[in-house]
Amino acid sequence: MRHGRWRPGRTGGLLLAAGLAWVGGCSDPEEAVPPAKVEAVTHYGVTLDESATPQQVVYVLLRALADDVKAARSHRHEDQKKAALATWSLAAPGEIERRLLEAYRKSSPNPARYASLGAGRDKAIHRIVNLWAPIVAFYVGSFEQDPARAMARMRVSSQSASSAVVLCEVWPDPPGPDEAFNGHQLLRVELARETGGEGKQYWRVARVSFQPMYPRPATRPAGNPASGPARGSATVPG
């Protein structure tokens, strides 16, 4: 197994470490990266064109990430590659690039050096997108496959003409052996409005992370055996 995809970053923390324990395989980060494109795509019976909502994009994203993780655990490389390509088609390359350059400028003694990502742009963006599956790996058992039920669990916490944040409560199902990881968490998906061909604009994903969820939920969805309060959050690049 290649370790580039699953190695925790410096800010990976508790939740990413939990995700690592649940992943049985990984895609090769050195495989050829398809060009970053923003265009209408159809996955899982949902067409994500200029009229698609942030919730629809997040539904497809979570389905693709779950398929990626499950295929990795079963060592089904081609299925995992297919799911990873679906995730890649949902990325917001312009916004991810902007955030990367902003971070580089802040940490560099020569900020002017980072006017663009240059020839390595797509690979740099892909390294971020490639982290999203391990970030959520511990929780994919709780992801809904039915679109109506999945989107009913989502909440748009903010939305403007150019950005949106969608929150979704997740939990490990089945629970893991370490009780510290078995609480509910609040998955945070940040989206940006990206311009594609013919000037059409699409909601696409810029970041996947977690945020604190307080107070502890009073009830749990049927069939969820997890117990214990949420344990803070992890903020992971991507």
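What this report covers is the structure whose coordinates are included nearby. (Residues numbered from 1 in each chain as written. Predicted model: local features only at pLDDT ≥ 70, side-chain atom pairs only at ≥ 80, totals over all residues. Heavy atoms only, no water.)

## Overview of the pairing of strand β6 (residues 201-211)
Item 1. Buried residues dominate β6, accounting for 10 of its 11 residues.
Item 2. The antiparallel hairpin formed by strand β5 (residues 185-195) and β6 contains 5 residues in its connecting segment, where E198 sits at a positive phi of about 60 degrees. (Buried < 20%, exposed > 50% of the residue type's maximum accessible area, 1.4 Å probe, protein only. Helix = DSSP H or I, 4+ residues; strand = E, 2+ residues; numbered from the N terminus. Pairing = 2+ DSSP bridges.)

## What about the sheet that holds strand β4 (residues 163-170)?
Item 1. Spatially, β3-β4-β5-β6 is the arrangement adopted by the 4 strands of the open sheet, whose pairing is antiparallel. Where the open sheet ends on each side, the last strands, each with one partner, are β3 (154-159) and β6. Going across the sheet, the axis of each strand differs from the next one's by a mean of 25 degrees, ignoring polarity.
Item 2. The sheet contact formed by β3 and β4 spans 5 bridges and is antiparallel. Its bridge partner lying in β4, Q159 is registered against A164. (Axes fitted to C-alpha atoms, helices over the stretch in contact; angles between N-to-C directions.)

## Concerning the packing of aromatic side chains
Each pair of aromatic rings is reported with the distance of its centres and the angle of its planes.
Item 1. Within the structure shown, the criterion is met by 3 aromatic pairs.
Item 2. Taken together, a centroid distance of 5.5 Å and an interplanar angle of 55 degrees make the contact between Y139 and F210 tilted. Here Y139 is found in the loop between α6 (132-136) and α7 (147-152), whereas its partner F210 is found in strand β6, with 71 residues between them in sequence. The two residues Y139 and F210 agree in class, both being buried. (Phe/Tyr/Trp six-rings, centres within 6.5 Å; stacked < 30°, edge-to-face > 60°.)

## Overview of unusual backbone geometry
Item 1. For the bond from D173 to P174, the omega torsion is 5 degrees, close enough to zero to count as cis.
Item 2. Here P174 is to be found in the loop between β4 and β5.
Item 3. The phi angle at H75 is positive, at roughly 60 degrees, despite the residue not being glycine.
Item 4. Mapped onto the elements of the fold, H75 is located in the loop between α2 (54-73) and α3 (77-88).
Item 5. The exposure class assigned to H75 is exposed, which follows from its relative accessible area of 63%.
Item 6. If you check the backbone angles, E198 has positive phi at about 60 degrees while not being a glycine.
Item 7. For E198, the location among the structural elements is in the loop between β5 and β6.
Item 8. When its relative accessible area of 75% is taken as the criterion, E198 is described as exposed.

## Here we look at the packing of α2 against α3
Item 1. Where α2 meets α3, the axes come as close as 8 Å, and the angle between the chain directions of the two elements is 155 degrees. On the basis of the axis angle, α2 is roughly antiparallel to α3. Like other packed secondary-structure pairs, α2 and α3 cross with a definite hand, here left-handed. Along the contact surface, α2 presents L61, A64, L65, D67, D68, A71 and A72, while α3 presents D79, Q80, A83, A84, A86 and T87.
Item 2. Per-class residue counts for the contact of α2 with α3 are 8 nonpolar, 2 polar and 3 charged. (Parallel < 35°, antiparallel > 145°, perpendicular 65-115°, else oblique. Left-handed = near helix turned anticlockwise from the far one by under 90°. Contact = heavy atoms within 4.5 Å. Nonpolar A, V, L, I, M, F, W, Y, C, P; charged D, E, K, R; others polar.)

## As for α2
Item 1. A rise of 1.5 Å per residue sets the reference length of α2, with its 20 residues, at 28 Å; its end C-alpha atoms lie 29 Å apart and thus fit the reference within 8%.
Item 2. The buried fraction of α2 is high, at 15 of 20 residues.
Item 3. Following α2 by one or two positions, H75 has its phi on the positive side, about 60 degrees. (Expected span 1.5 Å × (residues − 1).)

## Points about the nonpolar core
Item 1. One finds W132, F143, L187 and L191 to be the most contacted residues of the largest nonpolar core, which totals 49 residues.
Item 2. For this core, the elements supplying multiple residues, two or more each, are β2 (46-48), α2, α4 (93-107), α5 (121-129), α6, β4, β5 and β6.
Item 3. Tallying contributions element by element places α2 first for this core, with 9 residues.
Item 4. Look past the residues within four positions of F143 in its chain and what remains in contact with it is L62, A66, V136, R153, V170 and L187. (Core = buried A, V, L, I, M, F, W, Y, C linked by side-chain atoms within 4.5 Å.)

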